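# Examination of the molecular architecture
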Amino acid sequence: MNDKILIIGASGYIGSYLFHQFKKENFSVFGTHFKNKKKGLLYFDLEKMGIDKLRLDLKKIRYVIISAAANAKIDESKIHWEYNYKINVVRIKSLMDYCFKHGIVPIYLSSDSVFNGLKGNYREDDERKPINCYGKIRYEVENYIINSKKPYVILRAGRVFGTNIKDGTLITDILKDMRRGKSLKCATDQVFSPLYIKDLFNFVKIIIEKKYTGIFHLASLKATNRYEIAKAIKNFFKLKDAKVYPCKIDSLGLLDKRAKLTDMDISKYKSLTGYEEKQIEHFLGMIS
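Residues numbered from 1 in each chain as written. Predicted model: local features only at pLDDT ≥ 70, side-chain atom pairs only at ≥ 80, totals over all residues. Heavy atoms only, no water.

### A word on the layout of surface pockets
Condition: The way it works is a 1 Å grid over only the protein atoms, where trapped points that fit a 1.4 Å probe form a cavity and open points with protein on both sides within 12 Å along at least five of seven lines form a pocket, and then any residue with an atom within 4 Å of a point lines it. Grid points are joined across faces, edges and corners, and a volume is the space filled by probe spheres set on the points. In this text, helices come from DSSP runs of H or I with a minimum length of four residues, and strands from runs of E with a minimum of two, each type numbered from the N-terminal end. Three categories are distinguished: nonpolar for Ala, Val, Leu, Ile, Met, Phe, Trp, Tyr, Cys and Pro, charged for Asp, Glu, Lys and Arg, and polar for the others, with Gly belonging to the last.
In this model, the second largest pocket occupies a volume close to 180 Å³. For the second largest pocket, the full set of lining residues is Leu 221, Lys 222, Thr 224, Glu 228, Ile 229, Lys 231, Ala 232, Glu 277, Lys 278, Gln 279 and Ile 280. For the lining of the second largest pocket, the element with the most residues is helix α7 (residues 226–236), which contributes four residues. By residue class, the composition of the lining of the second largest pocket is four nonpolar, two polar and five charged.

Below you can see the structure in the form of C-alpha cells.
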C-alpha cells in the first residue's frame, strides 16, 4: 500500500481501532495521542501545535483521518463551548488548511448531529440545521471542508458501537448496566442509525483503496432507538430481572437539545459496497 495514513486522535476509541486495524492489514499508518499516551503514537497537542510540528515526514502522507475531539459529547460541548470551538473548529480548520495546501485528503469523521432531526432518513445532500453545540461544531467544519473545493471525505454516522464488553460503547454499556441490576430509562422518540466500528474501518479502507471522495452516510443497523436496543439485549441475554422503562428524550433533563429523528439513508454506501444492515442479534452474538 503506497498511500500513507495519519490518524489524528489515535488514542481514542475510534482512532485507536482504526490505527490497529490498519496496522494488522499492513497499511503504512501513523497516529497521534495527546493526554492518553499509547505506545507507537506520536505526541500532538492540537491546541498548540501545527501538524507540521509532528516528527514525521508529511510529504509521504496521502490521507489524514480526523478522529480527535475535545469533550466529544453533546452536553460537554455546551458546557465548555469556547474551548471546544477553539479546538474542534478553529484548530481543525488550520489542520485542514495544511492538508489542502499539500495535497493531503482529509477524512473527517462527522455526525448525524448536523441535522435538526425533524424528518429522519437523511440523505447526504439534505439540508443541515443543527440544534445543539456539538452539531454546530461539526456543521461548521463540514462547511469549511466542502467550500474548499479540494478533494475530501466526510463520513456521517450515528452512535458508533463495538462488541468488546469493556469498550464503553452504546450496546455494551447498556448490557453492563443491565447485568449490574441498574434500572434503565431509555428514550423511544430519539431515532438514529448505529454503526459498528468494524464496518467503519472497512469503509475507510475502501475509500483509500478506491480513492473515493465526497460525503457518505454509514450505518450497520436499521433506524432504532435506545429502548428497542435495550429490549433486544434483555431478550437475547435472557436478563429477566433487568428493568427497562420507556421514556421521552426530553424527560431526561439533558443540558443541550437533542435531535429526535437523525436516522440516515445509506443507499450511497450500499451501492458502493453491497452492504446490507444486520439485525442487532448478529452483533449481540459477537460480544465478548
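### Focus on the pattern of salt bridges
Note the threshold: Definition used for salt bridges: Asp or Glu carboxyl oxygen within 4 Å of a side-chain nitrogen of Lys or Arg. Note on exposure labels: buried denotes an accessible area under 20% of the residue type's maximum, exposed denotes more than 50%, and partly exposed covers the range between, all computed with a 1.4 Å probe on protein chains only.
According to the stated counting rule, one finds 16 salt bridges in the structure shown. Across the salt bridge formed by Glu 140 and Lys 93, the nearest N and O atoms sit 2.9 Å from each other. Within this pair, whereas Glu 140 is found in helix α4 (residues 133–147), its partner Lys 93 is found in helix α3 (residues 81–101), the two being separated by 47 residues in sequence. Judged by its relative accessible area of 24%, Glu 140 falls in the partly exposed class. A single salt-bridge network, built from bridges that share partners, covers Lys 222, Lys 270, Glu 276 and Glu 277.

### Concerning the packing of aromatic side chains
Worth spelling out the cut-off: Two rings belonging to Phe, Tyr or Trp (six-membered ring only in the last case) form a pair when the distance between their centres is within 6.5 Å. Interplanar angles under 30 degrees mark stacking, angles over 60 mark edge-to-face geometry, and anything in between is tilted. The rule is short: NZ of Lys or CZ of Arg within 6 Å of the ring centre and within 35 degrees of the ring normal puts a charge over the ring.
In the structure shown here, the tally under the stated rule is 13 aromatic pairs. Grouping aromatic residues by their ring pairs yields a cluster made of Phe 203, Tyr 212, Phe 216, Tyr 269 and Tyr 275. The side chain of Arg 62 reaches across the aromatic face of Tyr 63, ending 5.8 Å from its centre. Against the face of Tyr 122 rests Lys 119, its NZ or CZ located 4.7 Å from the ring centre.

### Focus: the nonpolar core
Put simply, the test is: Nonpolar cores were defined as sets of buried Ala, Val, Leu, Ile, Met, Phe, Trp, Tyr and Cys residues, with membership established by side-chain atoms within 4.5 Å. We call two residues contacting when some pair of their heavy atoms lies within 4.5 Å.
Among the nonpolar cores identified, the biggest contains 56 residues, and Ile 7, Phe 22, Ile 65, Ile 107, Leu 155, Ile 171 and Met 178 are the most heavily contacted of them. Here this core gets seven residues from one element, more than from any other, and that element is helix α6 (residues 197–210). In contact with Phe 22, other than residues within four places in its own chain, are Ile 5, Ile 7, Phe 27, Val 29, Ile 65, Phe 201, Val 204, Lys 205 and Ile 208. Listed in part, the 28 residues of the second largest apolar core include Ile 66, Ile 87, Val 89 and Ile 104.

### Comments concerning the state of the cysteines
Operational definition: The term disulfide is used for any two cysteine sulfur atoms that are within 2.5 Å.
Applying the stated criterion across every chain, the model contains zero disulfides. Of the cysteine sulfurs around Cys 186, a residue in no disulfide, the closest is that of Cys 247, at 6.9 Å. Owing to a relative accessible area of 10%, Cys 247 belongs among the buried residues under this scheme.

### Some details on the packing of α3 against α4
Any two packed helices are characterised by how steeply their axes cross, that is the angle between the axes, and by the distance between the axes. As a reminder of what qualifies: In this analysis, axes come from line fits to C-alpha atoms, helices being fitted only over the stretch in contact, and the angle between any two N-to-C directions falls in the range 0 to 180 degrees. Should an angle fall under 35 degrees it is taken as roughly parallel, and over 145 as roughly antiparallel, whereas 65 to 115 is taken as roughly perpendicular and any remaining angle as oblique. Two helices crossing with the near one rotated counterclockwise from the far one by less than a right angle form a left-handed crossing, whereas a clockwise rotation gives a right-handed crossing.
Two elements in contact, α3 and α4, have axes whose closest approach is 10 Å; the angle formed by their N-to-C orientations is 15°. Relative to α4, the element α3 lies roughly parallel. The chirality of how α3 crosses α4 is right-handed. Here Trp 81, Asn 84, Tyr 85, Asn 88, Val 89, Ile 92, Lys 93, Met 96, Asp 97 and Phe 100 of α3 lie close against α4, whose contacting residues are Cys 133, Lys 136, Ile 137, Glu 140, Val 141, Tyr 144 and Ile 145. Broken down by class, the residue content of the contact of α3 with α4 amounts to eleven nonpolar, two polar and four charged.

### Overview of the sheet that holds strand β3 (residues 42–43)
Quick note on the threshold: We treat two strands as partners when DSSP finds at least two bridges between them.
Pairing is parallel across the open sheet formed by seven strands, whose spatial order is β3-β2-β1-β4-β5-β6-β10. Sheet topology places β3 and β10 (214–217) at the edges, where each strand pairs with a single neighbour. The pairing of strand β5 (residues 105–109) with strand β6 (residues 153–156) spans three bridges and is classified as parallel. The partner of Tyr 108 across the bridge, within β6, is Ile 154.

### Some thoughts on helix α1 (residues 13–24)
Here is the rule we go by: A helix is expected to reach a length of 1.5 Å times the quantity of its residues less one.
Counted at 1.5 Å a residue, the expected span for α1 with its twelve residues is 16 Å, and the 17 Å between its end C-alpha atoms agrees. By the burial criterion, the buried members of α1 are Gly 15, Ser 16, Leu 18, Phe 19, Gln 21 and Phe 22. The inward-facing, buried residues of α1 abut β1 (4–8), β2 (29–33), β4 (61–66), β5 and α6. Of the residues one or two after α1, Asn 26 is the one with positive phi, at around 65°.

In short, the description is geometric, and any link to function would need to be established separately.
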